[in-house]
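So you can see what is in the structure, the chains are spelled out below.
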Amino acid sequence: MAPIIFYHNALSGPSRFVLLVFRSLRLDVEIRNIDLRSQQQLTPEFIKINPQHTVPTIDDNGFILWESNAIAQYLVETYAPESPLYPKDTKARALVNQRLQFYMGTLLQRIRAIIIGVIKEGEKNISDLKRSHLYEALGYTNGFLSESDWIAGNHVTLADLAIYVTVSTIVSFGADISEYKFLGAWLERCKTLPGFEENSEGVKTFTAVFKSFYDGKV
Ligand SMILES: N[C@@H](CCC(=O)N[C@@H](CS)C(=O)NCC(=O)O)C(=O)O
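Residues numbered from 1 in each chain as written. Predicted model: local features only at pLDDT ≥ 70, side-chain atom pairs only at ≥ 80, totals over all residues. Heavy atoms only, no water.

Observations concerning the domain arrangement of the protein chain
And then number 1: Taken domain by domain, the protein chain holds domain 1 (4-79) and domain 2 (90-213).
And then number 2: For domain 1 versus domain 2, the distance between C-alpha centres works out to 20 Å.
And then number 3: The interface is formed by 19 residues belonging to domain 1 together with 23 residues belonging to domain 2.
And then number 4: Between domain 1 and domain 2, a total of about 1700 Å² is buried, with carbon and sulfur atoms accounting for 65% of that surface.
And then number 5: Taken together, the connections running from domain 1 to domain 2 amount to two salt bridges.
And then number 6: Of the charged contacts, one joins Glu-198 and Arg-23 as a salt bridge, the two residues approaching to 2.8 Å between their closest N and O atoms.
And then number 7: Our count for the contact surface shared by domain 1 and domain 2 stands at six residue pairs in polar contact (both at pLDDT 80 or more).
And then number 8: Only α1 (13-25) and α3 (68-79) provide two or more residues apiece to the side of domain 1 that touches domain 2.
And then number 9: The biggest single contributor to the side of domain 1 that touches domain 2 is α1, with nine residues.
And then number 10: The class makeup of the residues in the side of domain 1 that touches domain 2 is nine nonpolar, five polar and five charged. (Domains from an automatic or database assignment. Contact = heavy atoms within 4.5 Å. Buried area = accessible area lost by both parts, 1.4 Å probe. Salt bridge = Lys/Arg side-chain N within 4 Å of Asp/Glu carboxyl O. Polar contact = N/O pair within 3.5 Å; in protein donor to acceptor, adjacent residues only side chain to side chain. Helix = DSSP H or I, 4+ residues; strand = E, 2+ residues; numbered from the N terminus. Nonpolar A, V, L, I, M, F, W, Y, C, P; charged D, E, K, R; others polar.)

Here you go:
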């Protein structure tokens, strides 16, 4: 079988989440970079693969899939069904699913509102509302971690990988998490995650882009 083709961009959080899944599972993968700045995702070749033109997208020997949560779940269920990254116990899995939904529907959207405002809409300031929404989501994350060492229990799951790529970006942008003790301690623990360095590289590049538009308080 040919390796899975992974259409990736290191600046994208959802794409880095999938990269961490590949690294955690040690899967054979062929990474194809999609340069979003030159709008490579809008070329007819890529639109044919993913009409929604988003990274991450995978092509597993003809099976095409996009949406980071769907890809992450597919990779574990197909290639490592016994992996604790996505536990089989229904209650443990439900908790992981809940927190993956939180990543997608809340945490990611709240930092995204700020990124879009600054980069795409030319906002010179982050509104109090957007900032308070972001810190509220960080507070919820801190709350999860007050109950256990990892986001959905006592071992690493997909929820840690998804939330880690997002929180590491938010912190790199300059968010002050000094009040969130559990979050800070978890970020330290996340340094052991396979792919940690690759995530850090992407975060660093994305932060430089963000700060070229806005260098104030987050
Ligand atoms: N919900 C999607 C979000 C994917 C997404 O919005 N990706 C952005 C980069 S972060 C993208 O590819 N944007 C290019 C475009 O929409 O044209 C996921 O989790 O995969």
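Description of the pattern of salt bridges
And then number 1: Throughout the structure, instances matching the rule amount to 10 salt bridges.
And then number 2: A salt bridge links Glu-136 to Arg-110, with the nearest nitrogen and oxygen atoms 2.6 Å apart. Highlighted residues: Glu-136 in helix α5 (residues 128-147) and Arg-110 in helix α4 (residues 90-120), separated in sequence by 26 residues.
And then number 3: A salt bridge links Asp-149 to Arg-189, with the nearest nitrogen and oxygen atoms 4.0 Å apart. With Asp-149 in the loop between α5 and α6 (158-172) and Arg-189 in helix α7 (residues 181-189), the pair connects residues that are 40 residues apart, well separated along the chain.
And then number 4: Judged by relative accessible area, which is 42%, Asp-149 ranks as partly exposed. (Buried < 20%, exposed > 50% of the residue type's maximum accessible area, 1.4 Å probe, protein only.)

Here's the deal with the nonpolar core
And then number 1: Grouped together as the largest cluster of nonpolar side chains are 66 residues, with contacts concentrated most on Phe-17, Leu-75, Leu-138, Leu-158 and Trp-186.
And then number 2: Those elements that provide at least two residues to this core are β1 (4-8), α1, α3, α4, α5, α6, α7 and α8 (196-213).
And then number 3: Element by element, the count of residues in this core is highest for α4, at 10 residues.
And then number 4: For this core, the two domains that each supply at least three residues are domain 1 (4-79) and domain 2 (90-213).
And then number 5: Not counting the four nearest positions on each side in its chain, Phe-17 is found in contact with Ser-68, Asn-69, Ala-72, Leu-100, Tyr-103, Leu-158, Leu-161, Ala-162 and Val-165.
And then number 6: Membership of the second largest hydrophobic core comes to five residues, among which are Tyr-7, Ile-34, Phe-46 and Val-55. (Core = buried A, V, L, I, M, F, W, Y, C linked by side-chain atoms within 4.5 Å.)

So, the site of the ligand
And then number 1: In the vicinity of the ligand, the contacting residues are Ser-12, Pro-14, Leu-36, Gln-41, His-53, Thr-54, Val-55, Pro-56, Glu-67, Ser-68, Met-104 and Arg-112.
And then number 2: One nitrogen or oxygen atom from the main chain of Val-55 is found 2.9 Å from an oxygen atom belonging to the ligand.
And then number 3: At 2.9 Å from an oxygen atom of the ligand is found a side-chain nitrogen or oxygen belonging to Arg-112.
And then number 4: Starting from 510 Å² of accessible surface for the ligand in isolation, the protein chains cover 79%.
And then number 5: When its residues are assigned to classes, the shell around the ligand shows five nonpolar, five polar and two charged. (Near = heavy atom within 4 Å. Areas by Shrake-Rupley, 256 points an atom, 1.4 Å probe, with all protein chains shown as cover.)

Looking at the side chain of Asn-142
And then number 1: Relative to the helices and strands, Asn-142 resides in helix α5.
And then number 2: Setting aside anything within four residues of it in sequence, one finds Asn-142 in contact with Tyr-180, Lys-181, Phe-182 and Leu-183.

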